[in-house]
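What follows is each chain in one-letter form.
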Amino acid sequence: PGRKNKHKPLAHKPINDLAEKVRERQTSLKKGPYDFPMACMHPGLLQKIREKSLAAEEALLPEFFRSPDGRAKLLSEFDVHARTRLCDVNASAVLEDPSWVAFFASVEHDFP
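Quick caveat, the model's predicted, so the values are computed rather than measured. (Residues numbered from 1 in each chain as written. Predicted model: local features only at pLDDT ≥ 70, side-chain atom pairs only at ≥ 80, totals over all residues. Heavy atoms only, no water.)

Trainee: Let's hear about the packing of helix H2 (residues 43-60) against helix H4 (residues 71-83): which residues, and what values?
Mentor: In the contact formed by H2 and H4, the axes pass within 11 Å of each other and the chain directions differ by 145 degrees. Considering only the axes of H2 and H4, their crossing is right-handed. Contacts from Leu46, Ile49, Arg50, Leu54 and Glu57 in H2 reach Arg71, Leu74, Leu75, Phe78, Asp79 and Ala82 in H4. Across the contact of H2 with H4, the residue classes break down as seven nonpolar, no polar and four charged. (Axes fitted to C-alpha atoms, helices over the stretch in contact; angles between N-to-C directions. Helix = DSSP H or I, 4+ residues; strand = E, 2+ residues; numbered from the N terminus. Left-handed = near helix turned anticlockwise from the far one by under 90°. Contact = heavy atoms within 4.5 Å. Nonpolar A, V, L, I, M, F, W, Y, C, P; charged D, E, K, R; others polar.)

Listed below in structure tokens is the structure:
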């Protein structure tokens, strides 16, 4: 017999509800999930990651790497991710933006 977990799971519903309100706001403004002020990696670090990634792709999949969908496409996709998925939302900048301050004030009562 195993020990039962005495801790209750964390309530994620308020966080999920707030995230949904943020998504709804972004949609109403015709903006996407990356249309926030972003904090991205230093360009030098990105370059090192890009080089290592390309070297790994070439070593593991040399034929694909040399194909039309190879190196050029990988670089293009990497550059997109470097401005989106490899970045974080700059929360300080968001919270200094008057429109976001007003938004959070308007939903504050929904999240005690």
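Trainee: Tell me what's going on with H2, and back it up with residues and numbers.
Mentor: Look at H2: 26 Å from first C-alpha to last across 18 residues, which is about the 26 Å you get at 1.5 Å a residue. Residues of H2 that are buried include every one of Leu46, Arg50 and Leu54, and no others. End-on, the buried residues of H2 take up no more than an arc of 70 degrees, which puts them together on one face. Among the exposed residues of H2, those pointing more than 90 degrees away from its buried face are Lys48, Lys52, Ala59 and Leu60. (Expected span 1.5 Å × (residues − 1). Buried < 20%, exposed > 50% of the residue type's maximum accessible area, 1.4 Å probe, protein only. Arc of directions from axis to C-beta.)

Trainee: Account for the state of the cysteines, naming residues and giving values.
Mentor: Overall, the coordinates contain one disulfide when judged by the stated rule. Between the sulfur atoms of cysteine 40 and its disulfide partner cysteine 87 the distance amounts to 2.0 Å. With the S-S bond torsion at 110 degrees, the cross-link from cysteine 40 to cysteine 87 turns out right-handed. Of this pair, cysteine 40 sits in the loop between strand S1 (38-39) and H2 while cysteine 87 is found in the loop between H4 and strand S2 (88-89), placing the two residues 47 residues apart along the sequence. We classify cysteine 40 as partly exposed; its relative accessible area is 41%. Judged by its relative accessible area of 9%, cysteine 87 falls in the buried class. (Disulfide = S-S within 2.5 Å.)

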